[in-house]
Structures are given as C-alpha cells and as structure tokens.
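# Residue-level structural notes
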Amino acid sequence: MIDFIKLFNATARISKPMHPDFDNAKNLEDKLQDIDIDSLDSLLIGLYLCELYGIPEDKGKELQPVTIREIHDFLMLHKTKEPESIEAAIEAIQ
C-alpha cells in the first residue's frame, strides 16, 4: 500500500508547479488551507488522484474536502484501482 501522504505531496507538487519543493502535508488530519492548498489546487489534486484511483471525473467533482483525510476516505470509498507506486502515479499524471 502506498503512503498516501507522500502521494498527496507528490501530486500537490505537480498541481502547484511554482512550488516544486511542496512537502507541507504531514498527516491525514491536516486542513488544506493550513498547508497552502487553495480551491483550485484542491480541484486539480482531486482530479489527478481520482484518475489514479480509477474514479470517473464526474464523481470526482463531488469531492469538496477540508482535510486530507476527506480526500483519502473519498478515494478509498470510490476507487476501482490503485496506483502501483508513487513513481508510477507521478508518471501517469505528468
């Protein structure tokens, strides 16, 4: 099983290209606004993660998280697949 916080941070780096060193998320309880994730960042991260977990885009648009746990729980509830590794996941969404 992939470390979700590492996957989240890696996905955030792609969604926030002006912040290539993004590594702000430390645990699932982190609030997105507290780690400098705005609504556009959240949408992009959510869409990328939904793609990685095989969740249709229309379902992914229902995601309106406040915390990283909410993203994680949504993905685990609706997933149809899982990424093999963080490296494979990043390659798939770049």
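Each chain carries its own residue numbering, running from 1 in the direction its sequence is written. The model is predicted, so local features are restricted to residues of pLDDT at least 70 and side-chain atom pairs to those at 80 or more, both for listing and for counting; the totals for chains, interfaces and linings are taken over all residues. Note that the side-chain values use all heavy atoms of the structure and ignore hydrogens as well as water.

### Topic: the side chain of Ser-15
Filter applied, for reference: Strands are runs of DSSP state E lasting at least two residues, helices are runs of H or I lasting at least four, and both sets are numbered from the N terminus onward. A contact between two residues is defined here by any heavy atoms of the two lying within 4.5 Å.
Relative to the elements of secondary structure, Ser-15 occurs in helix H1 (residues 4–15). If we skip the residues at most four places from it in the chain, Ser-15 touches Asp-41, Leu-44, Ile-45 and Tyr-48.

### Re H1
Each α-helix turn comprises 3.6 residues. Residues three or four places apart therefore point the same way. Condition: Every helix has an expected span of 1.5 Å times one less than the residues it contains. Using a 1.4 Å probe on the protein chains alone, a residue whose accessible area is under 20% of its type maximum counts as buried, one over 50% counts as exposed, and one in between counts as partly exposed. For this analysis, a polar contact is any N or O atom pair within 3.5 Å, provided that within protein one partner can donate a hydrogen and the other can accept it, and provided that sequence-adjacent residues contribute only side-chain to side-chain pairs.
Compared with an ideal rise of 1.5 Å per residue, which puts twelve residues at 16 Å, H1 spans 16 Å between its outermost C-alpha atoms and is within 8% of the ideal. Residues of H1 that are buried: Phe-4, Ile-5, Leu-7, Phe-8, Asn-9, Ala-10, Thr-11, Ala-12, Ile-14 and Ser-15. Where the residues of H1 are buried, they touch helix H2 (39–52), helix H4 (68–78) and helix H5 (86–93). Put simply, Asp-3 is the residue that caps the front of H1, since its side-chain oxygen is 3.0 Å from the backbone nitrogen of Ile-5.

### Observations concerning the confidence of the model for the protein
Selection criterion: pLDDT is a residue-level measure of predictor confidence that goes from 0 to 100.
Mean pLDDT for the protein: 91, with 95% of residues reaching 70 or above. Across the protein, element-level confidence peaks in H4 with a mean pLDDT of 97 and bottoms out in helix H3 (residues 57–60) with 91.

### Observations concerning the pattern of salt bridges
To keep it simple, the criterion reads: Put simply, a salt bridge is a Lys or Arg side-chain nitrogen that is within 4 Å of an Asp or Glu carboxyl oxygen.
Counted under the stated rule, the structure contains six salt bridges. We note a salt bridge from Lys-16 to Asp-36, for which the minimum N-O separation is 3.8 Å. Of this pair, Lys-16 sits in the loop between H1 and H2 while Asp-36 sits in the loop between H1 and H2, and the two are 20 residues apart along the sequence. Overall, Lys-16 belongs to the buried group, its relative accessible area being 7%. Residue Lys-16 is joined to Asp-41 by a salt bridge in which the shortest nitrogen-to-oxygen separation is 2.9 Å. Of the two residues, Lys-16 is situated in the loop between H1 and H2 and Asp-41 in helix H2; the sequence distance between them amounts to 25 residues.

### Details of the packing of H1 against H2
Rule in force here: Inter-axis angles, ranging from 0 to 180 degrees, are taken between N-to-C directions of lines fitted to C-alpha atoms, where helices are fitted over the stretch in contact. Any angle that falls under 35 degrees is termed roughly parallel, while one over 145 is termed roughly antiparallel, one within 65 to 115 roughly perpendicular, and all others oblique. Note on convention: near helix rotated counterclockwise from far helix by under a right angle means a left-handed crossing. Clockwise means right-handed.
Viewed as axis vectors pointing N to C, H1 and H2 meet at an angle of 120 degrees, and their least axial separation amounts to 9 Å. With respect to each other, H1 and H2 are oriented oblique. Read as a crossing pair, H1 and H2 show a hand that is right-handed. Along the contact surface, H1 presents Phe-4, Leu-7, Phe-8, Thr-11, Ala-12, Ile-14 and Ser-15, while H2 presents Asp-41, Leu-44, Ile-45, Tyr-48, Leu-49 and Leu-52.

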